[in-house]
Amino acid sequence: MGTIADNLARIRAGLPEGVTLVAVSKFHPAEAIREAYEAGQRIFGESRPQELAAKYALLPDDIEWHLIGHLQTNKVKTVVPFVSLIHSVDSWRLAETVDREAAKAGRTIDVLLQLRVAQEETKFGWDATDLERFLQDGSLGALLHLRIRGVMGMASLTDDAEQVRREFAELREAFRRIKANYLPQIDLLSMGMSGDYPTAIEEGATMVRIGSSIFGERSYGI
C-alpha cells in the first residue's frame, strides 16, 4: 500500500463525478485522519459514538463527521451536537430519539434510512415493507428535526459478485421507490465499501464508504 495521500488520490481518480467519498476512519488514530485531511479529505466516517466524539475534539473544525455504524438510542446525545450525517437510522425508535435529541440541541440532523438487504442476521436495517408503512402514514415526515437525505445499505460479505450486485440493485430500487412515492427531495444513496464500491457505483451509489483501501488494515486496539 502507498501512503494515505497516495491511496486517496488513486481512489478519487476512479470516482465518477457526483459520487462522494466518505473516508472510514474508525479504529484509526487521529494522526492518520490528519494525514488524510492534509491531502484534502474532509468527510470522515466513524462507527462508535465515543470514538467519534474524541476525534471531533482533537481534529479541525471543518471536518464533516458521519456516523456510519449501528447507533444505540442511549448514545445519540453523544453525537447530535456536531454530527453532519447519520447513515444508520434503522428503526422508528432510533428516528424518534434522534429527532428528540436534535430538538434539544437546537439542530436539524441529516440522516439516511438504513435498509437491510444483506443475507446476514448480523446486519441492521429496516425491512423495506416496514419502512414504507412509516412513510405511508406520515410518521417519519412528522419528525421535524430530522432531514431525511436518502438510503444506506450494505451488501452481504460474500465472494458471490452477482449476489452483491443484486443487493445493490435492490437498494437502488428502494431508493427510487421512496423518492418517487414519498420523499422527492432525497439525493443520497450510500452503499459500497473497499471491497465492492466499484459495483455499488455501477448500480447507482452517490456516496461510498471506504476505509481499508485508504488507511490500511484497522488497528483494533485503539
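Figured I'd write up the structure that's included with this text. The shown structure was predicted, so the numbers you read here are calculated from the model rather than taken from an experiment.

With 6 of 6 residues buried, strand 5 (residues 109–114) is to be regarded as a mostly interior element. Residues Ile-109, Val-111 and Leu-113 line one face of strand 5 and the alternating positions Asp-110, Leu-112 and Gln-114 line the opposite face, and both faces are buried. Direction of pairing for strand 4 (residues 85–89) relative to strand 5: parallel, over a ladder of 3 bridges. Within strand 5, the position partnered with Val-89 by the bridge is Leu-113. For the handedness criterion, the β-α-β arrangement of strand 4, helix 5 (residues 92–105) and strand 5 is classed as right-handed. Pairing of strand 5 with strand 6 (residues 146–152), which is carried by 6 bridges, proceeds in the parallel orientation.

One recurring pattern in soluble globular proteins is that nonpolar side chains are buried together. Phe-44, Ile-86, Leu-140, Val-208 and Ile-214 are the most contacted members of the largest nonpolar core, which has 63 residues in total. Top contributing element to this core by residue count: helix 7 (residues 161–181), with 6 residues. Non-local contacts of Val-208, meaning those with residues more than four positions away in its chain, are made with Leu-15, Val-19, Thr-20, Leu-21, Val-22, Met-191, Gly-192, Tyr-197 and Ile-201. Counting residues in hydrophobic clusters, the runner-up holds 7 residues, among them Val-22, Ile-43, Met-152 and Leu-188.

What counts, and at which threshold
Residues numbered from 1 in each chain as written. Predicted model: local features only at pLDDT ≥ 70, side-chain atom pairs only at ≥ 80, totals over all residues. Heavy atoms only, no water. Buried < 20%, exposed > 50% of the residue type's maximum accessible area, 1.4 Å probe, protein only. Helix = DSSP H or I, 4+ residues; strand = E, 2+ residues; numbered from the N terminus. Pairing = 2+ DSSP bridges. Right-handed = clockwise from strand over helix to strand, strands pointing away. Core = buried A, V, L, I, M, F, W, Y, C linked by side-chain atoms within 4.5 Å. Contact = heavy atoms within 4.5 Å.

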